[in-house]
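Fold and geometry: a report
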Amino acid sequence: ADVSALIPTSSDGLMKCVDGRPSDHSAMDGPKALGGVYSIATNRGVTDIEGLKKICEEVKKCGSVPSCHGDEHAHPAPMGCGFFKLWSQSKLEGIPAPKFDSEEGQKAILEAGGVYECLAGSHEEKVVYINFVEGTTLAPNGDDQAFVVDAWLAGKYDLDVPKYLVAAASTVEQLGGPLKAKLIVPN
């Protein structure tokens, strides 16, 4: 895959969802993970608010801004994250559902110093980028949407890599996303 669009991640960047829609937040140079911080929770089996807040603290210590998102279509708005919706409805195989709803999750992330972003428009992602180049990401482009999975995060947060990538594939498939993936690997 063309790596010219890769940008270095920064400590001001949101650890945000892989969703490719335009955001109301400007810090797009953070790593992209399923549902933002929810990806770490699901991978580790964390289902409670206290555990979610601890993950937010860990993300801040590791140099990113914890986040979650919603959109302008969902009611309540934080249910606009397809990954959270699948998780909360027990539709991710082998991953227990959270014991909190989308609004409680949003509140906990905000209380822990994180950010809530609202995404605009509809899904028009054409491809899923799976990025293995540590410390880099792709910024969302509303005119050329793509799902961006920064797979290198699995190593940084000691996640179960197959579980992480299977959850990503399952999420995109269940949400009717593109069935085309491009791997970005170090040179």
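All of the points below concern the structure found in this document. In this text, all values refer to a predicted model and were calculated from it rather than measured experimentally.

Here we take up unusual backbone geometry. What is expected of a backbone is that most residues other than glycine have negative phi and most peptide bonds are trans. Residues His75 and Pro76 are joined by a peptide bond in cis, for which omega reads -5°. Here Pro76 shows up in the loop between β3 (65-71) and α3 (82-88). Located in the positive-phi region is Ser90, a residue other than glycine, with phi close to 55°. Among the structural elements, Ser90 can be located in the loop between α3 and α4 (102-111). Non-glycine residue Asp158 carries a positive phi angle of around 50°. Looking at where Asp158 falls in the secondary structure, it is placed in the loop between α5 (153-156) and α6 (161-174).

With that settled, the discussion passes to the environment of Leu34. Tracing the backbone shows Leu34 in the loop between β2 (14-15) and α1 (38-44). According to the relative accessible area criterion, Leu34 is buried, its value standing at 2%. The sequence separation of Leu34 and Phe84 amounts to 50 residues, and the corresponding C-alpha distance is 8.5 Å. Residues contacting Leu34, with those up to four places away along its chain left out, are Cys17, Val18, Ser39, Phe83, Tyr164, Ala167 and Ala168.

Attention shifts here to the nonpolar core. One finds Met15, Val37, Tyr38, Trp87 and Tyr164 to be the most contacted residues of the largest nonpolar core, which totals 41 residues. Among the elements of the structure, α1, α2 (49-61), α3, α4, β5 (128-131), β7 (147-150), α5 and α6 are those that each provide at least two residues to this core. The residues contacting Val37, other than those within four sequence positions of it, are Met15, Leu52, Ile55, Cys56, Val59, Pro66, Ser67 and Ile109.

To find the voids left in a structure, one rolls a probe of water-molecule size over its atoms. If you add up the space inside the largest pocket, you get close to 240 Å³. Along the wall of the largest pocket there are 13 residues; nearest its centre are Ala5, Tyr129, Leu138, Asp144 and Ala146. Within the lining of the largest pocket, the residues separate by chemical class into eight nonpolar, three polar and two charged. Of the volumes computed, that of the second largest pocket is approximately 170 Å³. Taken together, Val128, Ile130, Val149, Leu165, Ala168, Ala169, Val172, Glu173, Pro178, Leu179 and Ala181 make up the full set of residues lining the second largest pocket. Within the residue set of the lining of the second largest pocket, elements represented by two or more residues are β5 and α6. Element by element, the count of residues in the lining of the second largest pocket is highest for α6, at five residues. Tallied by class, residues from the lining of the second largest pocket come to 10 nonpolar, no polar and one charged.

About the thresholds
- Residues numbered from 1 in each chain as written.
- Predicted model: local features only at pLDDT ≥ 70, side-chain atom pairs only at ≥ 80, totals over all residues.
- Heavy atoms only, no water.
- Helix = DSSP H or I, 4+ residues; strand = E, 2+ residues; numbered from the N terminus.
- Buried < 20%, exposed > 50% of the residue type's maximum accessible area, 1.4 Å probe, protein only.
- Contact = heavy atoms within 4.5 Å.
- Core = buried A, V, L, I, M, F, W, Y, C linked by side-chain atoms within 4.5 Å.
- 1 Å grid on protein atoms, 1.4 Å probe; cavity = no way out; pocket = protein on both sides within 12 Å on 5 of 7 lines; lining within 4 Å.
- Points joined across faces, edges and corners; volume = space filled by probe spheres on them.
- Nonpolar A, V, L, I, M, F, W, Y, C, P; charged D, E, K, R; others polar.

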